[in-house]
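Given next are the chains, with one letter for each unit.
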Amino acid sequence: MKLRPKHHYCHTWQMNLWYFVAWSWDDFASYIYKKYGYTVQDYNGQTGMCFMLEKTGEARIIIWLKHSDKPAIAAHEALHGANLILDRAGFKFSAHNDEPQAYLLTEIMETMGFR
């Protein structure tokens, strides 16, 4: 069976997100290298990862999860993704202005399949 990442385009923040849920580390790292020519840093036993990858002027958020049944790890990585998107858009974070972060976190979790 050929693995395919799940894609989501966030219209509000104009950002592409790619989810690699329940992929082995080797499959994930190999895909990223073949598709983008980017070598992902060794994961040292991690069960999730999130980073922004920019190539040819287009940014994309990459989220990798080793397991599909770990919502806490998914939320952890989704929060990293939300923060990367908001930071790139110039959003100013504060405890009194976190509603956009909360909505974006929900959108990412839901589109990853965690409802």
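The structure under discussion appears in the preceding block.
Residues numbered from 1 in each chain as written. Predicted model: local features only at pLDDT ≥ 70, side-chain atom pairs only at ≥ 80, totals over all residues. Heavy atoms only, no water.

Chemist: For this particular structure, what's the right way to read the overall build of the protein chain?
Modeler: Within the protein chain one finds three helices and four strands. Mapped from its N terminus to its C terminus, the protein chain presents α and β elements in the order β-β-α-β-β-α-α. Computed over C-alpha atoms, the radius of gyration of the protein chain comes to 14 Å, within 12% of the 13 Å expected from 2.2 N^0.38 for 115 residues, which places it in the range of a compact globule. For the protein chain, the spread of C-alpha atoms along the principal axes amounts to about 45 × 35 × 25 Å. (Helix = DSSP H or I, 4+ residues; strand = E, 2+ residues; numbered from the N terminus. Rg over C-alpha atoms; globule rule 2.2 N^0.38 Å.)

Chemist: How should I be thinking about the packing of aromatic side chains in this particular structure?
Modeler: Working definition: an aromatic ring pair is given by the centre-to-centre distance plus the angle between the planes. One pass over the structure, following the stated rule, counts eleven aromatic pairs. Look at Phe-28 and Trp-64: their rings are 5.7 Å apart centre to centre, the planes differ by 20 degrees, and that puts the pair in the stacked class. Placement of Phe-28 in helix 1 (residues 25-36) and of Trp-64 in strand 4 (residues 58-65) is noted, with a sequence separation of 36 residues between them. The two residues Phe-28 and Trp-64 agree in class, both being buried. A ring pair is formed by Phe-91 and Phe-93, whose centres lie 5.3 Å apart and whose planes are at 90 degrees; its orientation type is edge-to-face. Classification of Phe-91 as buried rests on a relative accessible area of 12%. The exposure class of Phe-93 is partly exposed, given its relative accessible area of 39%. One aromatic cluster is present, built from ring pairs that chain together Phe-20, Trp-23, Trp-25, Phe-28, Tyr-31, Tyr-38, Phe-51 and Trp-64. (Phe/Tyr/Trp six-rings, centres within 6.5 Å; stacked < 30°, edge-to-face > 60°. Buried < 20%, exposed > 50% of the residue type's maximum accessible area, 1.4 Å probe, protein only.)

Chemist: Before we go on, may I ask you to explain unusual backbone geometry in this structure?
Modeler: The backbone of Gln-14 shows a phi angle near 50 degrees, a positive value even though the residue is not glycine. A residue is classified by how much of its surface remains accessible, and Gln-14, at 59% relative accessible area, is exposed. Phi is positive for Thr-56, which is not a glycine, with a value near 50 degrees. A relative accessible area of 76% places Thr-56 in the exposed class.

Chemist: How should the pairing of strand 3 (residues 48-55) be read in this particular structure?
Modeler: It is a general feature of regular strands that their side chains alternate between the two faces of the sheet. In this structure, strand 3 lies alongside strand 4, joined through eight bridges in antiparallel fashion. Its bridge partner being in strand 4, Lys-55 is matched across the sheet by Glu-58. Count of turn residues in the strand 3/strand 4 antiparallel hairpin: two residues, of which Thr-56 carries a positive phi of about 50 degrees. (Pairing = 2+ DSSP bridges.)

Chemist: So what exactly am I meant to see when it comes to helix 2 (residues 71-88) here?
Modeler: For an α-helix the count is 3.6 residues per turn, leaving residues at separations of three or four pointing the same way. The end-to-end C-alpha distance of helix 2 is 25 Å, a good match for the 26 Å that 18 residues give at a rise of 1.5 Å each. Those residues of helix 2 lying buried are Ala-74, Glu-77, Ala-78, Gly-81, Ala-82, Ile-85 and Leu-86. Looking at the packing, one finds that the buried side of helix 2 touches strand 2 (15-21), strand 3, strand 4 and helix 3 (99-112). Positive backbone phi, approximately 85 degrees, marks Gly-90, located one or two places after helix 2. (Expected span 1.5 Å × (residues − 1). Contact = heavy atoms within 4.5 Å.)

These figures capture arrangement, not role.
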